[in-house]
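# Structure assessment
Now for the letters of each chain:
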Amino acid sequence: MPDFQYTARELSGQQVTGTLTAPSKRDALSSLATQQLFPVRVEEAEDADARKSRLRRRVASRHLVVFYTQLADLLRSGVPLLRSLELLQRQAINPTLKLVLQEIREHIADGSRLAEAMRQHPLVFSELAVSMVRAGEEGSFMEDVLVRIATFTEHQQELKNRVVGTLIYPAFLTVAMTVVVTLMLVFFVPKFEPVFADLKENNELPWATTLLLGASDFAQNFWLLILAVLAAGGYGLFAWLKTDDGREKLDEFRIRAYGLGPVVRSLAIARFCRILGTLLRNGVPILQSLNIAKDATGNVILSRSIGAAAENISEGKSLASPLAGSGQFPDDVVEMIAVGEEANNLEQVLINIADSMERRTNRLLDIFVRMLEPALLTAMAGVVLFVVVALLLPILKSSSIM
């Protein structure tokens, strides 16, 4: 007989969960009734495991944007929250979002607030969205908050797509160069080795040809070792980057790397300013907003600087001074923040900074890609030229001897 996992309520209203064995779901419901339990959810154990697995997945931003927008429209039209969530659950296309909305609706039916129910699904709803929803619940402007979350989510996704789309061609060139060099070493170069046998025996091969043939022999004879070393090295690097020290070193390299560093820094600062400005505009206290926004930078170095600024604010100091002292924020950004604090319109100034930094990021990214593309093409041409020259030198040498 199959096992059924259930969630039910006792007569006192307390929620209980457990597993029971029954021939069918109807028998499982009857068994719960005999125990004076009122079922909330009853499903086979296999279905429950599949449900848990699906709840651990992420939801694409485009589905979340539609959800936020439609929920705002329904609430603005006077539809109650539970009924709105039920309607959106039935209409949801994404299976993970459908399950998440079902659980959120159950939590709210049990007396939880929307922000608390959303917090139970961190892979779907960001800390920013949860904090803004909480501010909307406390300030009674939930509809406006949901629209702003949808706008912000869509904006961030567009920016991400623009960055990824710009880097596709350089990534393609890198992969193509690696494939071409590998194929030449494994299949093309070995065909010339018998031609150079006499010169090799007399130690008359040019150094370039000797190096090329040695690399080809190594690639053919030790390809398994190469793959094993690459796999072990990749696994070790991935494990190290998960540590605090590895993450810090990587983030430091990213913001200091030539060409790429200014792009990464500008993008992180723009994200921080937009999130902080959005939170402040929606009534979230500045200390809580800073703690949320610092993690949104995606960079440990910048996050640490912002954390230090939050400590200074808790002591009654301004935001601009510690940001300037960290050395991670441009002078013009710090000056604009200082002016915003003095004029008491910091939230609007931060949004303006984010817009300006994103435009700057787009320009820097374009410059970086324009520099990267010819560099990769030159590297590829240099490798091919080296192979061709290394193969032609012995032939020219043999011709001159004859």
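Structure: see above.
Our subject in this report is the structure included herewith. (Residues numbered from 1 in each chain as written. Predicted model: local features only at pLDDT ≥ 70, side-chain atom pairs only at ≥ 80, totals over all residues. Heavy atoms only, no water.)

Looking now at the overall build of the chain. Along its length, the chain carries 18 helices and three strands. Against the globule reference of 21 Å for 402 residues, the chain gives a C-alpha radius of gyration of 30 Å, more extended than a compact globule. The dimensions of the chain, computed from C-alpha atoms along their principal axes, are 105 × 70 × 35 Å. The proportion of buried residues among the 402 residues of the chain is 38%. When the 41 basic and 44 acidic side-chain charges of the chain are each reduced to a single mean position, those positions are 3 Å apart. (Helix = DSSP H or I, 4+ residues; strand = E, 2+ residues; numbered from the N terminus. Rg over C-alpha atoms; globule rule 2.2 N^0.38 Å. Buried < 20%, exposed > 50% of the residue type's maximum accessible area, 1.4 Å probe, protein only. Lys, Arg positive; Asp, Glu negative; His and termini not counted. Charge placed at Lys NZ, Arg CZ, Asp CG, Glu CD.)

Here Met 177 shows up in helix H8 (residues 142–188). Residues Met 177 and Val 145, spaced 32 residues apart in sequence, show a C-alpha to C-alpha distance of 48 Å. Apart from the residues lying within four places of it in its own chain, the contact partners of Met 177 are Leu 376, Ala 379 and Met 380. (Contact = heavy atoms within 4.5 Å.)

Enumeration according to the criterion identifies six aromatic pairs in this entry. Ring plane angle 45 degrees and centroid distance 6.5 Å describe the contact between Trp 207 and Phe 386, whose orientation is recorded as tilted. With Trp 207 in helix H10 (residues 207–221) and Phe 386 in helix H18 (residues 346–401), this residue pair connects regions lying 179 residues apart in the sequence. The class of Trp 207 is exposed, set by a relative accessible area of 65%. By relative accessible area, which is 30% here, Phe 386 ends up partly exposed. Centroid distance Phe 218 to Phe 222: 5.1 Å. Interplanar angle 35 degrees. Geometry classified as tilted. Taking the relative accessible area as the measure of exposure, Phe 218 reaches 42% and is therefore partly exposed. Taking relative accessible area as the criterion, Phe 222 reaches 38% and is therefore assigned partly exposed. Taken together, the aromatic side chains of Phe 67, Tyr 68 and Phe 125 make up a single cluster linked through ring pairs. (Phe/Tyr/Trp six-rings, centres within 6.5 Å; stacked < 30°, edge-to-face > 60°.)

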